[in-house]
Number of protein chains: 2
Amino acid sequence: MKLASLKSGRDGELVVVSRDLTRAVRVPQIATTLQQLMEDWDTNAPQLEDIYRRLNDGELDQAFELDHHSLQSPLPRTYHWADGSAYLNHVQLVRQARNAEMPETFWSDPLMYQGGGDRFIGPFDDIEAISEDHGIDFEGELAVITDDVPMATSPEQAAGHIKLIMLVNDVSLRGLIPGELAKGFGFFQAKPASSFSPVCVTPDELGEAWRDGRVHLPLTVHLNGEMFGAPEAGPDMIFSFPRLVAHAARTRHLGAGAVIGSGTVSNPDPDGGPGKPVADGGVGYSCLAEVRMVEKILHGDSTTPFMRFGDRVRIEMFDDGGHSIFGAIDQRVVKYTP
Amino acid sequence: MKLASLKSGRDGELVVVSRDLTRAVRVPQIATTLQQLMEDWDTNAPQLEDIYRRLNDGELDQAFELDHHSLQSPLPRTYHWADGSAYLNHVQLVRQARNAEMPETFWSDPLMYQGGGDRFIGPFDDIEAISEDHGIDFEGELAVITDDVPMATSPEQAAGHIKLIMLVNDVSLRGLIPGELAKGFGFFQAKPASSFSPVCVTPDELGEAWRDGRVHLPLTVHLNGEMFGAPEAGPDMIFSFPRLVAHAARTRHLGAGAVIGSGTVSNPDPDGGPGKPVADGGVGYSCLAEVRMVEKILHGDSTTPFMRFGDRVRIEMFDDGGHSIFGAIDQRVVKYTP
């Protein structure tokens, strides 16, 4: 089943979307918002699955053509947004670039930060920033949406709480990160509003690509219309989504609609190297920081700039048949003037 | 004006509460939840102020006697919960206890972490924890609730976005903090669900005690029925609430209903010492970590234990006439078994 939220108020209006992402239908008789659906998933999901089947079969007269620009992020806001950093290649590169060892415990204890969930950006909406000097970057990621997850849930139990999957652009202000991390309290200003793919999908939509609590497909990233990366999201995700959800729920209950992210998708080279750009035959990257770190490690200096006002990033994932699964995040950076 | 939320579903049911905290009235004709009120404050607040006046004057037949145990936290959940650490005496003590200097920038750049807002605990509800070994602690604080705050709002502008004030118990798991902070991403498992005072109030309810964006009154904390501290919340709050709100909004818009906390209220001694226990003639503390740090600094070792299952903490604030302003947070720690 595929779901999305039409732009409407603060929480959007829930629609069921056809598998090919071209048509949609409103479902007010079941739930008006995705948040409402998440709060009573077990009751509502079977009815929506039935509508989804009929929508795909062309049986619903009330279906309409879907303009992806009319969509908000699937959850336009959430009470819980936490982002892991499960691709340790990314973490190792960050550390290597500043000559710091990665602690051995990072292989067994996930990194995760709490983000702000009050005003997500729509998938085609501009990324507002007050200054290019903040080092504006994208981070291509995956995320899951859960129903209610009780405290101290095991990874095995957490798997059953993962109801929906989507893509994320975890917008990051790299210039603010060193100062914030040095203060010891983690990210805050360095992690402004994120955006999500137009459509979120149930795990069964991914078929064989959803296994071991991971999505085994490449994540495609374009920067200003040029291929920037297509790293594989599956094999190098050290902690599975069920593991990340269990980490988030270790000391507290998670409320329905909690969004848990994977962290920047990142692959090392097959020979263990730090990962090559697409132009050099590598799979590329899903954030600018990473190519900059590789440049620094290999050449002593970073030459690729961060995003400038007017730059665009496009993040998408295709199935083996080349069909877009979640629709695209496609955003431009603009200057925000108070 | 004083407001609260009756236990009802995930978001509670908004009530206007009398100044003396004994009576309340439902206001479904204006807003059914506090979140709904925050999203259209300018329209709704004047009508509620009128109801508040009539409630205090005994003019409302539909008013009922208010049992504080029937209340949730004013916002039972929120899309944005961020907690500052504006009482630098607390920060200095933490650092002093581990022989670390506090950076000079801490006096000009607020510390703030993003918390989870999806499932706050009610003011009289149990604090569930899975292990006493996690070092269960309370933190007595104040917090404000804002309406929509645009990105890059100045502190001067932020003052006008502060609509309500309340007390917080920022439950902390001290045993998990060193490991999490060492990872560099800030608190996560160490900051489980917080709780808030039964009632939140508009700044005018504080009269002269609300000035310079700070609450100039002592915060009273009892542990297992004994006075543990009554530190002054005003003078040692280095960053005012408007300053903290502006910090939170520097790189993103804050959605209506955002909750911004002050951090643990903490006073140094008048002579500049680290702050004495109540039994030694000091004002005491609003968290256990602080008395433990003082013990360590003065005697080389911490002797006061963290909270054990069955322990109670009570946090309250009184006006100059001895009347409770927000009602009390009064909670017991219990073992949670998955």
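Chemist: Hey, could you run me through the sheet that holds strand 20 (residues 329–335) of chain B in this one?
Modeler: Two strands in a sheet stick together by hydrogen bonds in their backbones, pointing the same way (parallel) or opposite ways (antiparallel). Residues and elements named next belong to chain B. Pairing is mixed in the open sheet, where five strands are placed in the order 7-20-19-16-17. Of all the strands in the sheet, just strand 7 (127–129) and strand 17 (226–229) have a single pairing partner and so form its edges. The average undirected angle you get between the axes of adjacent strands in this sheet is 25°.

Chemist: What should I look at first to understand the environment of Glu316 of chain A in this one?
Modeler: All names here are of chain A. Along the polypeptide, Glu316 turns up in strand 19 (residues 312–317). In this structure Glu316 comes out as buried when scored by relative accessible area, which is 9%. In this structure, the C-alpha to C-alpha distance between Glu316 and Gln72, residues 244 residues apart in sequence, is 16 Å. In this structure, Glu316 is in contact with Leu167, Leu219, Thr220, Ser324, Gly327 and Ala328, ignoring residues within four places of it in sequence. Side chain to side chain, Glu316 and Arg314 meet in a polar contact 3.1 Å long.

Chemist: In this structure, what is going on with the pairing of strand 1 (residues 2–6) of chain B? I would like to understand it.
Modeler: Along a regular strand, successive side chains alternate from one face of the sheet to the other. Residues and elements named next belong to chain B. In terms of burial, strand 1 is largely enclosed, as five of its five residues are buried. The side-chain alternation of strand 1 yields two buried faces, one formed by Lys2, Ala4 and Leu6 and the other by Leu3 and Ser5. Following strand 1, the chain reverses through six residues before pairing antiparallel with strand 2 (residues 13–17); Gly9 in that reversal takes a positive phi of roughly 60°. Bridge count for strand 1 against strand 13 (residues 200–201) is two bridges, and the pairing is antiparallel. Its bridge partner lying in strand 13, Lys2 is registered against Val201.

Chemist: Help me understand the packing of helix 3 (residues 88–97) of chain A against helix 7 (residues 288–299) of chain A in this model?
Modeler: Residue and element names in this part refer to chain A. Close contact between helix 3 and helix 7 brings their axes to 9 Å; oriented N to C, the two are set at 45°. One element, helix 3, and the other, helix 7, form an angle in the oblique class. Every pair of crossing elements has a handedness; the one defined by helix 3 and helix 7 is left-handed. Within the contact between the two elements, helix 3 uses Asn89, His90, Leu93, Val94, Gln96 and Ala97 and helix 7 uses Glu290, Met293, Val294, Lys296 and Ile297. Partitioning the contact of helix 3 with helix 7 into residue classes produces six nonpolar, three polar and two charged.

Chemist: I tried to follow the pattern of salt bridges on my own but got confused; where do I start?
Modeler: Close approach of charged atoms allows side chains of opposite charge to pair. Scanning all chains against the criterion turns up 44 salt bridges over all chains. Notably, a salt bridge pairs Glu39 of chain B with Arg10 of chain A, separated by 3.6 Å at the nearest N-O pair. Residue Glu39 of chain B is found in helix 1 (residues 34–39), and its partner Arg10 of chain A is found in the loop between strand 1 (2–6) and strand 2 (13–17); the two belong to separate chains. For Glu39 of chain B, a relative accessible area of 25% translates into the label partly exposed. Judged by relative accessible area, which is 28%, Arg10 of chain A ranks as partly exposed.

Chemist: How do you make sense of the relation of the copies chain B and chain A when you look at a structure like this?
Modeler: Put simply, the two copies of the chain differ by a rotation about an axis and a shift along that axis. Rotating chain B by 180° and translating it 0.0 Å along the rotation axis places it on chain A, where the RMSD comes to 0.0 Å. Viewed as a symmetry operation, the transformation between the two copies matches a two-fold axis. Residue by residue, 100% of the interface of chain B is reproduced at the interface of chain A, so both copies engage with the same surface.

Chemist: It is not clear to me how the interface of chain B and chain A should be interpreted in this structure. Could you clarify?
Modeler: Accessible area lost upon the coming together of the parts serves often as the stated size of an interface. Taken together, the contact pairs 54 residues of chain B with 54 residues of chain A. Counting each side, the surface lost to burial between chain B and chain A is near 5300 Å², with a carbon and sulfur contribution of 54%. Our count for the chain B to chain A interface comes out at ten salt bridges. Of the charged contacts, one joins Lys183 of chain A and Asp109 of chain B as a salt bridge, the two residues approaching to 3.0 Å between their closest N and O atoms. Elements with a contribution of two residues or more to the side of chain B that touches chain A: helix 1, strand 6 (112–115), helix 5 (177–183) and helix 6 (241–248) of chain B. In terms of residue count, strand 6 of chain B provides more of the side of chain B that touches chain A than any other element does, four residues in total. Its residues assigned to classes, the side of chain B that touches chain A shows 24 nonpolar, 16 polar and 14 charged.

Chemist: Would you explain the sheet that holds strand 17 (residues 226–229) of chain A in this entry?
Modeler: All names here are of chain A. Spatial strand order, 7-20-19-16-17: five strands in an open sheet with mixed pairing. Pairing within the sheet leaves two strands with one partner each, and these edge strands are strand 7 (127–129) and strand 17. Neighbour to neighbour, the strand axes of the sheet diverge by 25° on average, direction disregarded. Pairing geometry for strand 16 (residues 219–223) and strand 17, over three bridges, is antiparallel. Counted as the bridge partner of Val221 is Gly229 from strand 17.

Chemist: Where do I start with the packing of aromatic side chains in this structure?
Modeler: Any pair of aromatic rings gets described here by the distance separating the centres and the angle formed by the planes. Enumeration according to the criterion identifies 19 aromatic pairs over all chains in this entry. Relative to Phe185 of chain B, the ring of Phe187 of chain A has its centre 4.8 Å away and its plane inclined at 70°; by these criteria the two rings are edge-to-face. Residue Phe187 of chain A is found in the loop between helix 5 (177–183) and strand 12 (195–196), and its partner Phe185 of chain B is found in the loop between helix 5 and strand 12 (195–196); the two belong to separate chains. Following the ring pairs from residue to residue traces out a cluster consisting of Trp81, Phe120 and Phe196 of chain A. One Lys or Arg, Arg252 of chain A, reaches over the ring of Phe188 of chain B and ends 4.2 Å from the middle of that ring. Positioned over the ring face of Phe306 of chain B is Arg292 of chain B, at 4.1 Å from the centre of the ring.

Chemist: Hey, could you run me through the side chain of Ser324 of chain A in this one?
Modeler: Residue and element names in this part refer to chain A. Within the fold, Ser324 resides in the loop between strand 19 and strand 20 (329–335). Only 2.7 Å separates the side chain of Ser324 from the side chain of Glu316, close enough to count as a polar contact. A distance of 3.2 Å separates a polar atom in the side chain of Ser324 from the backbone nitrogen of Gly327. Among all residues touching Ser324, those that are not within four sequence positions of it are Lys2, Leu21, Glu316, Met317 and Phe318.

Chemist: Would you explain helix 3 of chain A in this entry?
Modeler: Residues spaced three or four apart along an α-helix face the same direction, because each turn holds 3.6 residues. Most of helix 3 of chain A sits inside the fold, with seven of its ten residues counted as buried. On its buried side, helix 3 of chain A packs onto helix 7 of chain A together with helix 5 of chain B. Phi turns positive, to about 55°, at Asn99 of chain A, one or two residues after helix 3 of chain A.

Chemist: Explanation requested: the side chain of Ser194 of chain A in the structure shown.
Modeler: As for its position among the elements, Ser194 of chain A is in the loop between helix 5 and strand 12. Look past the residues within four positions of Ser194 of chain A in its chain and what remains in contact with it is Trp81, Phe120, Ile121, Val168, Asn169, Asp170 and Val171 of chain A.

Chemist: Where do I start with the pairing of strand 6 of chain B in this structure?
Modeler: Residues and elements named next belong to chain B. Burial along strand 6 is two-sided: Met112 and Gln114 and Tyr113 and Gly115, pointing in opposite directions, are all buried. Relative to strand 6, strand 5 (residues 81–84) runs antiparallel, the two sharing four bridges. Within the sheet, the bridge partner assigned to Trp81 lies in strand 6 and is Gly115.

Chemist: Looking at this model, I keep getting lost on unusual backbone geometry. Mind explaining?
Modeler: Only a minority of non-glycine residues have a phi that is not negative, and only a minority of peptide bonds are not trans. Residue and element names in this part refer to chain A. You will see that Leu21, though not glycine, has its phi angle at about 70°, which is positive. Since its relative accessible area comes to 7%, Leu21 is described here as buried. The phi dihedral of Asn224 is positive, around 50°, even though this residue is not glycine. As for its placement among the helices and strands, Asn224 is situated in the loop between strand 16 and strand 17.

About the thresholds
Residues numbered from 1 in each chain as written. Chains lettered and ligands numbered in written order. Predicted model: local features only at pLDDT ≥ 70, side-chain atom pairs only at ≥ 80, totals over all residues. Heavy atoms only, no water. Pairing = 2+ DSSP bridges. Helix = DSSP H or I, 4+ residues; strand = E, 2+ residues; numbered from the N terminus. Axes fitted to C-alpha atoms, helices over the stretch in contact; angles between N-to-C directions. Buried < 20%, exposed > 50% of the residue type's maximum accessible area, 1.4 Å probe, protein only. Contact = heavy atoms within 4.5 Å. Polar contact = N/O pair within 3.5 Å; in protein donor to acceptor, adjacent residues only side chain to side chain. Parallel < 35°, antiparallel > 145°, perpendicular 65-115°, else oblique. Left-handed = near helix turned anticlockwise from the far one by under 90°. Nonpolar A, V, L, I, M, F, W, Y, C, P; charged D, E, K, R; others polar. Salt bridge = Lys/Arg side-chain N within 4 Å of Asp/Glu carboxyl O. Least-squares fit on C-alpha atoms with pLDDT ≥ 70 in both. Buried area = accessible area lost by both parts, 1.4 Å probe. Phe/Tyr/Trp six-rings, centres within 6.5 Å; stacked < 30°, edge-to-face > 60°. Lys NZ or Arg CZ within 6 Å of the ring centre and 35° of its normal.

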